[in-house]
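Next come the chains, spelled out residue by residue.
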Amino acid sequence: MLYFGSMLVEAVYQYRTLLGKCDLGLGLDWDEMEQVSSIETEFAPSEDDRRKHGRKFRREMTKLEAIVRGDQINDRVEVIEMGPGGLVCRKAPFIARGEQIEIVIEDGDRSFRFRCRGVWLKDDGDDYKIGLAFIGMPVCLHKVQVSAHQIDMIDKIAAAA
């Protein structure tokens, strides 16, 4: 199956959530076990990837806007690869190996939040290209608007960025 943008984020979110449920000792029902197995099969790496990089999962190419948040970090990045094990970002700030950060990916009325650990860092012009491994259980926030939004200074600042 070929994943695009929000489908990819949803599949990774679902997989990480089910793994988190197992880590908490809650167990999975039969349908959830089938879902985990299906996602693992769909993201199985090639023999070459497994041998060269030791990857458990293949990453899909994508182009998503995200925000990296951490200790004194709050920057927009471009997610260029994503899989159940982690992701690769361009236009990223310096993130040290082992440093924990949060990736926020907005998708319509949902906000996906993934905890990650810095794995590798490469120079990418003025910024960096970074590899991040997922850790823990993700969170999905649903945004609800109670009243009509009035454009304010914050919106103008975000639009200028």
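This text follows the structure it describes.
Fair warning: this is a prediction, and the values are worked out from it, not measured in the lab.

Visitor: Please give an account of the packing of aromatic side chains that cites residues and values.
Guide: Using the criterion set out here, one finds 4 aromatic pairs in the structure. Between Tyr-15 and Phe-57, the aromatic rings sit 5.4 Å apart at their centres with planes inclined by 75 degrees, giving edge-to-face as the arrangement. On the criterion of sequence distance, the pair formed by Tyr-15 in helix H1 (residues 5–23) and Phe-57 in the loop between helix H3 (47–53) and strand S1 (60–70) is long-range, its members being 42 residues apart. Each member of the pair Tyr-15 and Phe-57 is classed as buried. Across the ring face of Trp-120, the terminal group of Lys-122 is positioned such that the distance to the ring centre comes to 5.0 Å.

Visitor: Pulling in residues and values, what's your account of the nonpolar core?
Guide: Membership of the largest hydrophobic core comes to 31 residues, with the highest contact counts inside it found for Met-82, Leu-87, Cys-89, Ile-101, Ile-103, Phe-114 and Leu-132. The set of elements that each furnish at least two residues to this core consists of H1, helix H2 (30–42), S1, strand S2 (73–83), strand S3 (86–92), strand S4 (100–107), strand S5 (110–124) and strand S6 (127–142). It is H1 that contributes the most residues to this core, 6 residues altogether. Not counting residues within four places of it along the chain, the set of residues in contact with Leu-87 comprises Arg-59, Val-79, Glu-81, Met-82, Ile-103, Ile-130, Gly-131, Leu-132 and Phe-134.

Here is what the cut-offs are and how they apply
- Sequence order as written defines residue numbering, which begins from 1 separately in each chain.
- Residue-level local features of this predicted model are given only where pLDDT is at least 70; pairs of side-chain atoms are given and counted only at 80 or more, and the full residue set underlies all totals for whole chains, interfaces and linings.
- Working from all heavy atoms in the structure, the side-chain values ignore hydrogens and water.
- Working definition: a ring pair exists when centres of Phe, Tyr or Trp rings (six-membered ring for Trp) sit within 6.5 Å. Plane angles under 30 degrees give stacked, over 60 give edge-to-face, the rest tilted.
- Think of it this way: any DSSP run of H or I at least four residues long counts as a helix, any run of E at least two long counts as a strand, and we number them from the N terminus.
- Each residue gets one of three labels from its accessible area relative to the maximum for its type: buried under 20%, exposed over 50%, partly exposed in between, using a 1.4 Å probe on protein chains only.
- Consider the ring centre and the ring normal. A charge sits over the ring if Lys NZ or Arg CZ is within 6 Å of that centre and within 35 degrees of that normal.
- Only buried residues count toward a nonpolar core, which is a set of Ala, Val, Leu, Ile, Met, Phe, Trp, Tyr and Cys residues joined through side-chain atoms within 4.5 Å.
- Contacts are assigned to residue pairs that have any heavy atoms within 4.5 Å of one another.

Note that all results are geometric; they support no functional claim without further evidence.
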